[in-house]
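Structural features, examined
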Amino acid sequence: YCKIKKNGFGGPTPSFPLGNITEMKNSNNVNDSSSGFSGISHDIHSTAFPYFAKWQMIHGKVFIYWLGTEPFLYIAEPEFLKKMSSGVLGKSWGKPMVFKRDRMPMFGSGLVMVEGDDWVRHRHVITPAFSPTNLKAMANSMVEPTTMMLNKWATLISSGQPEIDVEREITTTAGEIIARTSFGLSNHKGRKVYETLRAMQITLFNSNRYVGVPFSKWLCLKKTLEARKLGKEIDQLLLSIIDARTKSWDGTPQKDLLGLLMEGSHVDGRAGKSLTIRELVDECKTFFFAGHETTALALTWTLLLLALHPQWQHQLREEIGQVIGDDDEIVYARLSNLKKMEWVMKEVLRIYSPAPNAQRQAREDIKVDDLIIPNGTNIWIDVVGMHHDPALWGADVNEFRPERFKDDNLYGGCKHKMGFLPFGFGGRMCVGRNLTMMEYKVVLTLMLRKFSFSTSPNYRHSPSILLSLRPRHGLPLIVQPL
Ligand code: HEM
């Protein structure tokens, strides 16, 4: 604490043992939802992160706050971020220990959490699995679950229920898609892994409240034990899937991510350039947790914005007609021509970024101008704060304007290149971003070809942080067949 203070960082005063958590929780309890669509504002920073919005006004865009006994350096200033990260390689960054412990059952030692030379090795094996050729082969595993969801919608509508909670529906479908693309669902073990992963996710969402507080796991003992038990079950199932694949290995990998990683690792459990069996298990879990809710939320928030902006819904449908046509089979090579859809996706990721923050931990002292960030400092980058900063985006920052990506495809006209970070930054940028782009285009194409979406008076707008940025009360929309 003294070292950080001496270095000149300001911030709210912490108390022992909760740090600033009490203030954070109290400001979260303010009723922030608006009913119906008329009062919807995209100016969400002060509702998603009320405490950060308040502290920014007092302490600026870089300051220290405390989660329990852990200090965090808060950053919502792209220039500071650029200077801080310019001299640090991907492998030299750490991830906060406090989150590693908390999210161990989800990510284990998978790519999200691993560090140093191990991170280089994991990234080296995993990156080629996401190559365009491999992704192309996965497009089909996206069509079937989406078609099943859309058929269900058609049945609901024809039985007189046009209002559908699209968030719930899309999250289930995206879970199914990521399970198929990660480890396959063709046998009952794959499906059991998927069901257990979902159960664990629900358990962990309810027990993340006291991150950083000493002895917090004892406060949520039941949930901690439950997550551990589910984690063991998932590990056993994945181990037996890998074992079965190893025994029937004939040199041609199955075209899912596990198959591709096994090919890169020759499945003999050795370290070195490949991944061990234990690490393969952790990567399957990592893909599931890092990959399905984020993509589902990108699609969910898109449907909200398209329901609010029917002219964009119309434009996308027109583009789909021109680029993809009516064929049942979606030709992978044509997806890259869905340019307007890409602008819409980026604008949605800007306004409602599913990953609302990025995290690091310094593994050495880092110098930024006259300041030293001491080794061990946790770092919290407020992505929502930067994506909604009028100083970076201009006066229309809170308006849905996909065309801002027409002239500046990469940064949408943001005044600083590090002000738009939906997939993080530097060497640790999201490895799944191309898979996401493909899934987004396939699923949205199928949805927009069959249905139109309009607002429902039952929607309550309350974007909330529950690890990711979610609509707290789901997203009921009126869905109509075309
Ligand atoms: C809209 C969808 C997605 C969003 C918004 C998103 C966002 C992010 C962000 C912000 C990071 C952290 C980057 C950093 O710390 O600099 C990340 C990392 C990661 N993401 Fe994604 N992601 C998405 C989809 C996916 C998918 C589909 C997968 C895998 C199937 C995936 C796998 C990963 C992995 C493994 C990492 C860790 C990379 C590393 O540390 O080297 N993500 N993602």
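Quick summary incoming for the structure in this document. (Residues numbered from 1 in each chain as written. Predicted model: local features only at pLDDT ≥ 70, side-chain atom pairs only at ≥ 80, totals over all residues. Heavy atoms only, no water.)

**Notes on the packing of helix H17 (residues 310–323) against helix H18 (residues 339–351)**
For any two helices packed against each other, the geometry comes down to the angle between their axes and how far apart the axes lie. Two elements in contact, H17 and H18, have axes whose closest approach is 8 Å; the angle formed by their N-to-C orientations is 140 degrees. One finds that H17 runs oblique with respect to H18. Two secondary-structure elements touch here, H17 through Trp312, Gln315, Leu316, Glu319 and Ile320 and H18 through Lys339, Lys340, Met341, Trp343 and Val344. Counted by class, the contact of H17 with H18 contains six nonpolar, one polar and three charged residues. (Axes fitted to C-alpha atoms, helices over the stretch in contact; angles between N-to-C directions. Helix = DSSP H or I, 4+ residues; strand = E, 2+ residues; numbered from the N terminus. Parallel < 35°, antiparallel > 145°, perpendicular 65-115°, else oblique. Contact = heavy atoms within 4.5 Å. Nonpolar A, V, L, I, M, F, W, Y, C, P; charged D, E, K, R; others polar.)

**Examining the site of the ligand**
Around the ligand sit 23 residues, and of these Trp119, Arg123, Arg360, Arg428 and Cys430 come closest. Within the contact set of the ligand, an oxygen atom lies 2.6 Å away from a side-chain nitrogen or oxygen of Arg360. Phe425 is positioned such that a nitrogen or oxygen atom in its backbone is 3.0 Å from an oxygen atom of the ligand. Among the elements that take part in the shell around the ligand, helix H16 (residues 277–308) stands out by supplying five residues, more than any other. Of the residues contributing to the shell around the ligand, the split by class is 13 nonpolar, seven polar and three charged. (Near = heavy atom within 4 Å. Polar contact = N/O pair within 3.5 Å; in protein donor to acceptor, adjacent residues only side chain to side chain.)

**Topic: the sheet that holds strand E9 (residues 451–455)**
For sheets, the rule is that strands pair by backbone hydrogen bonds, running either parallel or antiparallel. Taken together, three strands build an open sheet; the order of strands is E4-E13-E9 and the sheet is antiparallel. Looking at strand neighbours, the two that pair on one side only are strand E4 (163–165) and E9, the edges of this open sheet. For this sheet the average axis-to-axis angle between neighbouring strands, irrespective of direction, equals 45 degrees. Sheet strands in contact with helix H10 (residues 140–158) are E4, E9 and strand E13 (476–481), and its direction is about 65 degrees off that of E9. (Pairing = 2+ DSSP bridges.)

**A look at the packing of aromatic side chains**
Under the criterion given, the structure shown has 26 aromatic pairs. Summarising the aromatic geometry, the rings of Trp55 and Phe63 are spaced 6.1 Å apart at their centres and angled 85 degrees between planes, so their arrangement reads as edge-to-face. Assessed through its relative accessible area of 0%, Phe63 is described here as buried. One aromatic cluster in this structure is built from Phe49, Tyr51, Phe52, Trp55, Phe63, Tyr65, Phe72, Tyr74, Phe99 and Trp380. In this structure, Arg350 packs its charged tip against the face of Trp393, placed 4.9 Å from the ring centre. (Phe/Tyr/Trp six-rings, centres within 6.5 Å; stacked < 30°, edge-to-face > 60°. Buried < 20%, exposed > 50% of the residue type's maximum accessible area, 1.4 Å probe, protein only. Lys NZ or Arg CZ within 6 Å of the ring centre and 35° of its normal.)

**Structural notes on the pairing of strand E2 (residues 62–67)**
Within E2, six of the six residues are buried, leaving the element largely enclosed by the surrounding structure. Note: E2 against strand E3 (residues 70–75), six bridges, orientation antiparallel. Across the sheet, residue Trp66 finds its bridge partner in E3, namely Pro71.

**Considerations on the side chain of His416**
Its location among the elements puts His416 in the loop between helix H21 (404–407) and helix H22 (433–450). By relative accessible area, His416 is classed as buried at 15%. Look past the residues within four positions of His416 in its chain and what remains in contact with it is Pro78, Glu79, Lys82 and Leu392.

**Considerations on H18**
Along its 13 residues, H18 runs 19 Å from first to last C-alpha, staying within 8% of the 18 Å computed at 1.5 Å per residue. The element H18 is largely enclosed, with a buried count of eleven among its 13 residues. Taken residue by residue, H18 has Met341, Glu342, Trp343, Val344, Met345, Lys346, Glu347, Val348, Leu349, Arg350 and Ile351 as its buried positions. On the buried face of H18, the contacting elements are H16, H17, helix H19 (383–387), helix H20 (390–393), H21 and H22. (Expected span 1.5 Å × (residues − 1).)

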